[in-house]
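So the chains spell out like this:
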Amino acid sequence: MIQIVPSIFAADFMRLGEEIRSVEQAGAQMIHVDIMDGHFVPNFTMGTPITESIRRSAHVKLDHHLMIDDPDTYAPIFIKAGADSVSVHYEVCRNLDRTLHMIRDHGALAGVVINPATPVAVLTEVLGIVDYVLVMSVNPGYGGQKFIPRSLGKVRELVRLRSERGLNFAIEIDGGAGRENIAEIARAGVDWVVAGSSVFGTRDASEAFRELQHSARGALSIKV
Ligand code: DX5
Ligand code: ZN
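Scoring rules and cut-offs
Residues numbered from 1 in each chain as written. Chains lettered and ligands numbered in written order. Predicted model: local features only at pLDDT ≥ 70, side-chain atom pairs only at ≥ 80, totals over all residues. Heavy atoms only, no water. Donors = N, O, S within 2.8 Å, 3.2 Å for Na, K, Ca; no water. Tetrahedral: all angles 85-135°; square planar, octahedral: opposite > 155°, others 65-115°. Helix = DSSP H or I, 4+ residues; strand = E, 2+ residues; numbered from the N terminus. Near = heavy atom within 4 Å. Polar contact = N/O pair within 3.5 Å; in protein donor to acceptor, adjacent residues only side chain to side chain. Buried < 20%, exposed > 50% of the residue type's maximum accessible area, 1.4 Å probe, protein only. Contact = heavy atoms within 4.5 Å. Core = buried A, V, L, I, M, F, W, Y, C linked by side-chain atoms within 4.5 Å. Pairing = 2+ DSSP bridges.

Q: Which residues make up the coordination of the zinc ion (ligand 2), and what values do they have?
A: Tetrahedral coordination by four donors sets the ideal angle at the metal to 109.5 degrees; octahedral coordination by six donors sets it to 90 or 180 degrees. Every protein donor of the zinc ion (ligand 2) is listed here as His32 (NE2), Asp34 (OD), His65 (ND1) and Asp174 (OD), and their distances to the metal cover 2.1 to 2.3 Å. Around the zinc ion (ligand 2), the six donor atoms sit at angles spanning 70 to 170°, and that spread fits a shape best called octahedral. Summarised as a motif, the one-chain spacing of the donors to the zinc ion (ligand 2) is H-x1-D-x30-H-x108-D. Of this pair, aspartate 34 sits in strand 2 (residues 30-36) while histidine 65 is found in strand 3 (residues 61-67), placing the two residues 31 residues apart along the sequence.

Q: Kindly report on the site of ligand 1, identifying the contributing residues and their values.
A: Around ligand 1 there are 20 residues in total, and Asp34, Gly141, Asp174, Gly196 and Ser197 lie nearest to it. Serine 7 places a polar side-chain atom, nitrogen or oxygen, 2.8 Å from an oxygen atom of ligand 1. Within the contact set of ligand 1, an oxygen atom lies 2.8 Å away from a backbone nitrogen or oxygen of glycine 196. Mapped by element, the contributors of at least two residues to the shell around ligand 1 are strand 2, strand 3 and strand 8 (192-195).

Q: Outline the environment of valine 199, listing residues and values.
A: Along the polypeptide, valine 199 turns up in the loop between strand 8 and helix 7 (205-221). Accessibility expressed as a relative area gives 0% for valine 199, which makes it buried. With 91 residues separating them in the primary sequence, valine 199 and alanine 108 have C-alpha atoms 26 Å apart.

Q: Describe the side chain of asparagine 181, with residues and values.
A: One can find asparagine 181 in the loop between strand 7 (170-174) and helix 6 (182-188). In this structure the side chain of asparagine 181 is engaged in a polar contact, spanning 2.9 Å, whose partner is the backbone oxygen of glycine 176. Excluding residues that lie within four positions of it along the chain, asparagine 181 makes contacts with Phe147 and Gly176.

Q: Report on the nonpolar core, specifying residues and quantitative values.
A: Ile8, Val86, Leu100, Ile103, Ile173 and Val193 are the most contacted members of the largest nonpolar core, which totals 70 residues. Looking at which element gives the most residues to this core, the answer is helix 7, with five residues. The next biggest cluster of nonpolar side chains, apart from the first, holds six residues, and it includes Met30, Tyr132, Ala170 and Val194.

Q: With reference to specific residues and values, describe the pairing of strand 1 (residues 3-6).
A: With burial as the criterion, each face of strand 1 is covered, one bearing Gln3 and Val5 and the other bearing Ile4 and Pro6. Sheet analysis places strand 1 next to strand 8, joined by four bridges and oriented parallel. Following the sheet pairing, proline 6 is matched in strand 8 by alanine 195.

Now the structure itself:
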């Protein structure tokens, strides 16, 4: 079933525990944690202390999106801190097959991410060894950006490849998802929809989460 995955990048860090609890109580099963190094993307976010603190007090799965130049060094460190799934960018991995196996060997789900300028075709050789593919629907680095509609074409292509090859990786989308496009995103075949500002940037994160999840699931039950 399609899931909304709130991104804490848009949360109020002074009230992080409360923010996470509010979406957890509304039914969130996963939280998206954006790790940025100021090199691969022009912004910084958080390090392992945040992952460790959330791990200690929350029950949700922690989905880590590494927007960093050196995922080989840091993926194991974030897994040890409590990451359940770790995605790495195709654009920085020189030995992608090895990196994905390494993440799985450390006990986490392994995901590969593609930027808006990167085509699905480059993933042909790794689709059989990933647990999920993350399609960026904005350029990574900032929250609150506008959704790039072409990303849905990539989602449809992944859905087709997955069924043709009998695979079962999940498809995640990240950036610019909200009330106005959630139905279209759901119908394209996305399994996990990351939502930052459309959840934590609102007056009531728990209500915003419920509404998005309801709309996403509703869009799939309507036969068109
Ligand atoms: C952007 C991050 C996203 C971000 C999404 O580089 O990878 O996860 O939190 O934020 P919204 O949903 O506001 O576009
Ligand atoms: Zn992200």
